[in-house]
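Single-letter residue listing:
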Amino acid sequence: YSIIDACELERQIAVIAMTYLDRFMASKSHRAQFALLNRRQFQLAFITCLIISLNSRAGMKVESDFVSEVICQQMYHPSEIVDMEKEVLMALDWRLNGPCVHDFVQSFMELVFPSDDKSSRGSSLSAEDIGTVQQYAEIQAEIAMTDYSLALQDQSAIAFASLLCAMQSLNVPLLDRHSFIQSVSAVT
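Rules behind the numbers
Residues numbered from 1 in each chain as written. Predicted model: local features only at pLDDT ≥ 70, side-chain atom pairs only at ≥ 80, totals over all residues. Heavy atoms only, no water. Helix = DSSP H or I, 4+ residues; strand = E, 2+ residues; numbered from the N terminus. Expected span 1.5 Å × (residues − 1). Buried < 20%, exposed > 50% of the residue type's maximum accessible area, 1.4 Å probe, protein only. Arc of directions from axis to C-beta. Core = buried A, V, L, I, M, F, W, Y, C linked by side-chain atoms within 4.5 Å. Contact = heavy atoms within 4.5 Å. Salt bridge = Lys/Arg side-chain N within 4 Å of Asp/Glu carboxyl O. Axes fitted to C-alpha atoms, helices over the stretch in contact; angles between N-to-C directions. Parallel < 35°, antiparallel > 145°, perpendicular 65-115°, else oblique. Left-handed = near helix turned anticlockwise from the far one by under 90°. Nonpolar A, V, L, I, M, F, W, Y, C, P; charged D, E, K, R; others polar.

Novice: Hey, could you run me through helix H10 (residues 155-169) in this one?
Specialist: A turn of α-helix holds 3.6 residues, and therefore any two residues three or four places apart point the same way. In this model H10 runs 21 Å from its N-terminal to its C-terminal C-alpha over 15 residues, within 8% of the 21 Å that 1.5 Å per residue would give. Three or more residues of H10 are buried, namely Gln155, Ile158, Ala159, Ser162, Leu163, Ala166 and Met167. Projected onto a plane normal to the axis of H10, the buried residues spread over an arc of 165° and lie on a single side. Of the residues flanking the end of H10, it is Asn171, one or two places downstream, whose phi is positive at about 55°.

Novice: Before we go on, may I ask you to explain the nonpolar core in this structure?
Specialist: Generally speaking, soluble globular proteins have nonpolar side chains that are buried together. Membership of the largest hydrophobic core comes to 26 residues, with the highest contact counts inside it found for Tyr20, Phe24 and Val88. The leading source of residues in this core is helix H4 (residues 39-57), at eight residues. Those residues in contact with Val88, other than ones at most four positions away along the chain, are Phe24, Thr48, Cys49 and Ile52. One finds Val112, Phe113, Ala166 and Val172 within the second-largest nonpolar core, a separate group that totals 22 residues.

Novice: Sorry, what's going on with the pattern of salt bridges here?
Specialist: Two side chains that carry opposite charge are able to pair once their charged atoms sit near each other. In the structure shown here, the tally under the stated rule is one salt bridge. Among the salt bridges present, the one from Arg40 reaches Glu80, with a minimum N-O distance of 2.9 Å. Of this pair, Arg40 sits in helix H4 while Glu80 sits in helix H6 (residues 78-91), and the two are 40 residues apart along the sequence.

Novice: It is not clear to me how the environment of Cys49 should be interpreted in this structure. Could you clarify?
Specialist: Along the chain, Cys49 falls in helix H4. Residue Cys49 is classed as buried on the basis of its relative accessible area, which comes to 0%. Not counting the four nearest positions on each side in its chain, Cys49 is found in contact with Ala17, Tyr20, Leu21 and Val88.

Novice: Help me understand the packing of helix H7 (residues 101-112) against helix H8 (residues 127-145) in this model?
Specialist: Axes are the key here: two packed helices are described by the angle between their axes and the distance separating the axes. Contact geometry for H7 and H8: axes closest at 10 Å, N-to-C directions at 155°. For the element pair H7 / H8, the angle class is roughly antiparallel. Every pair of crossing elements has a handedness; the one defined by H7 and H8 is right-handed. Across the interface between the two elements, Val101, His102, Val105, Gln106 and Met109 from H7 touch Ile130, Val133, Gln134, Ala137, Glu138, Ala141, Glu142 and Met145 from H8. In the contact of H7 with H8, the residues fall into eight nonpolar, three polar and two charged.

Listed below in structure tokens is the structure:
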């Protein structure tokens, strides 16, 4: 998150990078298995997953020379970064665009509080309250992604739980929480 915050990018990029890293580390790739034992290789795998996330989700072209010199301070040679990028992409079978936890939070919020009429469906929440609930839920989801046992759960389950925690911590009326649960249950 600190790298993403320093670059003033959406935190969703970091969440996606962590998802790629988890999937890579769980793969049968020999480099992933080695990264479990070698800190330098693990860091290389992480920075590579961050680069892939920036390329695939933020639409940024990140050059390996720049990463080597600026971000990694010449800890890795550009060819090491390129080789690891190929390894991660192959281990993930190039499957990069599945929904992330932020996508589910946004979808669940849109389901219950459609953007065309945020005050509809009998909710006592204002548009500002709804936005605050979504922001808190995204923060909860980001925290969950840093907990290894939670990060491996279904992204939709993390989003749902994050929204419920956000609603509870913001004292959203019980009827609105109940309506939320019913709406999500009916669709899923």
